[in-house]
Amino acid sequence: MIINGILLKASLELFGEIMCGIVGCILKEKKAAPVLLECVRRLEYRGYDSVGIATSSSGINIKKDSGKIDEVQERLQLDDLPGKMGIAHVRWATHGLPTRENSHPHTDCYNKLALVHNGIIENYQELKDQLQEEGHHFSSDTDTEVIAHLVEKQMSKGMDLEDALRLVIHQIKGSYALAVIHVDYPNIIIGARKESPLILGVGDGDYFLASDVPAILEETNRIIYLDDEDLFVMKNDGIIVKDSQGRVKENEIDVISWSPEMAQKGGYDHFMIKEIHEQPEVVRNTLSELHEIKKTVENFSDFKRVCFVACGTSFHASMVGKYLFEELVGIPVDLALASEFEFSAGALTDDTLVIFITQSGETADTMKALEMAKEKAETLAIVNVMGSRATREADYVIYTRAGPEIGVAATKTYVSQLTCIYLLAACMVGDEKLLDELKKVPDYMKTALEKEELIKEISPHYKDVTDFFFIGRGFSYPTAMEGALKLKEITYIHGEGFAAGELKHGPLALISDDVPVVAVVPPGKSHDRTMGNVKEVKARGARVICLGSQNDVNLRSEAHYMIEFEDQISEVLSPLIYVVPLQLLAYYISVERDINPDQPKNLAKCVTVV
Ligand code: M6R
């Protein structure tokens, strides 16, 4: 069926989430601002440090500020703005602190247009320098604002809005989902997407755009998914979608049957599984931090040692950091659990770079350790939540760019922490080969996610066991630890991670046919010895789930179940990819045991007590 030139169908495409959320609408009868406010409220899970709305009605009207949506609404009455069309944004800051100036919508020099954007413009600095030289005046520190000025520049040469935007999206590098309104085009919203999610909604004479389906599901369930590099023109009588060359396309309309709650989870049953699936996109996103990390590294003073400090999953990322820095950077690395740091802090010397890894940036143990370390040494925080305490207290900050993580069990933030650590090490020694290898990780992860069906099938066999062991050596030891932590956190089954070589020093006494063992055995220098340990536990009756290369026939012959990975994945890179099936295993066992993996008992997303 064709509606306004668009075909109707009923299949779904799921997008991963990044940060921030955008919405927009052109309405037949109602005022736009109250609807936009409701829509961004439904996107607040994507970001929550600032919010803004722009509408078009006798000019462009903008209200925006930092703070949670309800706070800003109370201060500014965002829903007062006049007009039947507009755009809105909820922000999770990446470039520039959460301030009013950095809040979206952004404008050009003359406030003729308003623009909202989700994504990252990688070449914004060079574009901004050039625009400033040409006399453009910037009001924010954001990467987004360059898009507004670039459109202004093209339009000042006589181009219309659509041609100007098409040209601009060819000039910018990075990811974007964006929407623009312009004073000279009072009936149009124009936008585009690349690598950031953006969907359109078709109501009864009303039209919508949003980062994600839940934002507009109460307005309409007829959704158009845009392809990468699509551009759309929305008017009050329909939407036209074009490809990057300006050719009109017939994107189909999907009729969504999810409830609003299902939609927030992208159609998945839980946030955790949604977040597991977002990992390839998250890693791609984190990789775009390369430039920032290079700049950070240039500012480091000379140091002779590194000390990683963290808790829980972030500590496992630190363990990978230790192996990587010692092997690649060739400097001695200490590891400290944040809750234990005070007992060794006395020995800290000023030639040490202390690296704090924390998703929330607020974990009390980590913050206490950071306070202590600051007195003696230079500190770097690797953090997901912008504006959190760690970002204010550390000397240097690197953002992981995983977007808000809602499931209590850390998944996507773990792989983003690892990605930052690899980037950091590669930048410190100028290892271009590793940087190239890292670019392949999102694709390797996608293949790892294809193991989901197998894991779903085998999980029921493990739902009633009481103990589980995870073993690995070197780079695979942290993976084993993380697999065990995920399992105990969300299934309440006792899971224990061991360095495989330690088995013979005690734990072997516990192995029997009712204690399954997960062995992490990628190809590489630890392979043969871990194979020896697999044989050892098998000889004592254990059913072994082996994780290894698809070409590893010997490992397969020992495995009760074999989870295979591409042979090209090196041991060094394996922590980023081999952890994925372990997250899935914990998730599906949790579901089998009728536990809500998003909210395990006794645990909180952010632990603010020491
Ligand atoms: O926010 P942080 O990274 O500092 O949190 C550290 C731990 O509390 C956290 O990783 C915890 O172990 C997770 N729930 C693990 O899934």
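Conventions used here
Residues numbered from 1 in each chain as written. Predicted model: local features only at pLDDT ≥ 70, side-chain atom pairs only at ≥ 80, totals over all residues. Heavy atoms only, no water. Helix = DSSP H or I, 4+ residues; strand = E, 2+ residues; numbered from the N terminus. Pairing = 2+ DSSP bridges. Axes fitted to C-alpha atoms, helices over the stretch in contact; angles between N-to-C directions. Near = heavy atom within 4 Å. Polar contact = N/O pair within 3.5 Å; in protein donor to acceptor, adjacent residues only side chain to side chain. Areas by Shrake-Rupley, 256 points an atom, 1.4 Å probe, with all protein chains shown as cover. Salt bridge = Lys/Arg side-chain N within 4 Å of Asp/Glu carboxyl O. Buried < 20%, exposed > 50% of the residue type's maximum accessible area, 1.4 Å probe, protein only. Contact = heavy atoms within 4.5 Å. Domains from an automatic or database assignment. Core = buried A, V, L, I, M, F, W, Y, C linked by side-chain atoms within 4.5 Å.

Peer 1: Can you walk me through unusual backbone geometry in this structure?
Peer 2: As a rule of thumb, non-glycine residues mostly have phi less than zero, and peptide bonds are mostly trans rather than cis. Going from His-104 to Pro-105, the amide bond is cis rather than trans, its omega being -5°. Within the secondary structure layout, Pro-105 lies in the loop between strand E6 (85-91) and strand E7 (106-107). With a phi angle near 60°, Glu-195 is a residue other than glycine that sits in the positive phi range. Following the sequence through the fold, Glu-195 ends up in the loop between strand E10 (185-194) and strand E11 (199-202). Backbone geometry at Tyr-492 places phi at a positive 65°, although glycine is not the residue there. One can find Tyr-492 in the loop between helix H17 (476-491) and strand E24 (494-499).

Peer 1: Help me understand the sheet that holds strand E23 (residues 467-472), please; the structure alone is not making it clear to me.
Peer 2: Think of a sheet as strands paired side by side through backbone hydrogen bonds, with each pair either parallel or antiparallel. Taking strand neighbours across the sheet as the criterion, the five strands line up as E24-E23-E25-E26-E27 in an open arrangement whose pairing is parallel. In this open sheet, the two edge strands, each paired with only one partner strand, are E24 and strand E27 (561-565). Within the sheet, the average angular offset between the axes of one strand and its neighbour, ignoring direction, is 15°. Sheet analysis places strand E26 (residues 544-549) next to E27, joined by five bridges and oriented parallel.

Peer 1: How should the site of the ligand be read in this particular structure?
Peer 2: Close to the ligand lie 13 residues; Ser-314, Gln-359, Ser-360, Thr-363 and Glu-489 are nearest. Between the ligand and the protein, one listed contact pairs an oxygen atom with a backbone N or O atom of Thr-313 at 3.1 Å. Take Thr-363: an N or O atom from its side chain is 2.5 Å from an oxygen atom of the ligand. Coverage of the ligand by the protein amounts to 90% of the 410 Å² it exposes when considered alone. Elements with a minimum of two residues in the shell around the ligand: helix H10 (312-329) and H17. Considering each element in turn, the shell around the ligand owes the most residues, three residues, to H10.

Peer 1: What exactly am I supposed to notice about the pattern of salt bridges here?
Peer 2: A side chain with one charge can pair with a side chain of the opposite charge if their charged atoms come near. For the structure on display, the rule yields 32 salt bridges. With a shortest N-O distance of 3.5 Å, Lys-295 and Glu-292 are connected by a salt bridge. With Lys-295 and Glu-292 both in helix H9 (residues 290-299) and three residues apart, this pair spans about one turn of that helix. For Lys-295, a relative accessible area of 36% gives the class partly exposed. Given the relative accessible area of 24%, Glu-292 is considered partly exposed. Ionic pairing is found between Lys-525 and Glu-327, a salt bridge with its closest N-O pair at 3.7 Å.

Peer 1: Where do I start with the sheet that holds strand E19 (residues 333-337) in this structure?
Peer 2: Read across the open sheet, the five strands follow the order E19-E18-E20-E21-E22; overall the sheet is parallel. Sheet topology places E19 and strand E22 (396-399) at the edges, where each strand pairs with a single neighbour. Adjacent strand axes in the sheet meet at a mean angle of 20°, parallel and antiparallel pairs treated alike. By the bridge criterion, four bridges tie strand E21 (residues 378-383) to E22 in an arrangement that is parallel. Across the sheet, Ile-382 pairs through a bridge with Ile-398, a residue of E22. The sheet strands contacting H10 are strand E18 (305-310), E19 and strand E20 (352-358), and the helix crosses E19 at an angle near 170°.

Peer 1: How do you make sense of the domain arrangement of the protein chain when you look at a structure like this?
Peer 2: Often the size quoted for an interface is simply the accessible area lost on bringing the parts together. Looking at the assigned domains, one finds that the protein chain contains domain 1 (2-264), domain 2 (268-439) and domain 3 (445-610). Placing the centre of domain 1 and that of domain 3 at their C-alpha centroids yields a distance of 42 Å.

Peer 1: Can you walk me through the environment of Glu-29 in this structure?
Peer 2: By the element assignment, Glu-29 lies in the loop between strand E3 (21-26) and helix H1 (32-41). Linking Glu-29 and Gly-205, residues 176 residues apart in sequence, is a C-alpha distance of 8.9 Å. With sequence-adjacent residues up to four places away left out, Glu-29 is seen in contact with Lys-84 and Asp-206.

Peer 1: So what exactly am I meant to see when it comes to the nonpolar core here?
Peer 2: One recurring pattern in soluble globular proteins: nonpolar side chains tend to sit buried together. Core analysis: the largest hydrophobic core is formed by 80 residues, its most contacted members being Phe-325, Ile-355, Tyr-422, Leu-424, Leu-438 and Phe-468. Here the element with the most residues in this core is helix H20 (residues 574-592); it accounts for 12 residues. Beyond its immediate sequence surroundings of up to four residues, Leu-424 is in contact with Ile-293, Val-297, Phe-300, Phe-325, Ile-355, Leu-380, Ile-382 and Ile-398. Judged by nonpolar contacts, the second largest core, of 31 residues, contains Val-72, Leu-78, Leu-81 and Ala-210.

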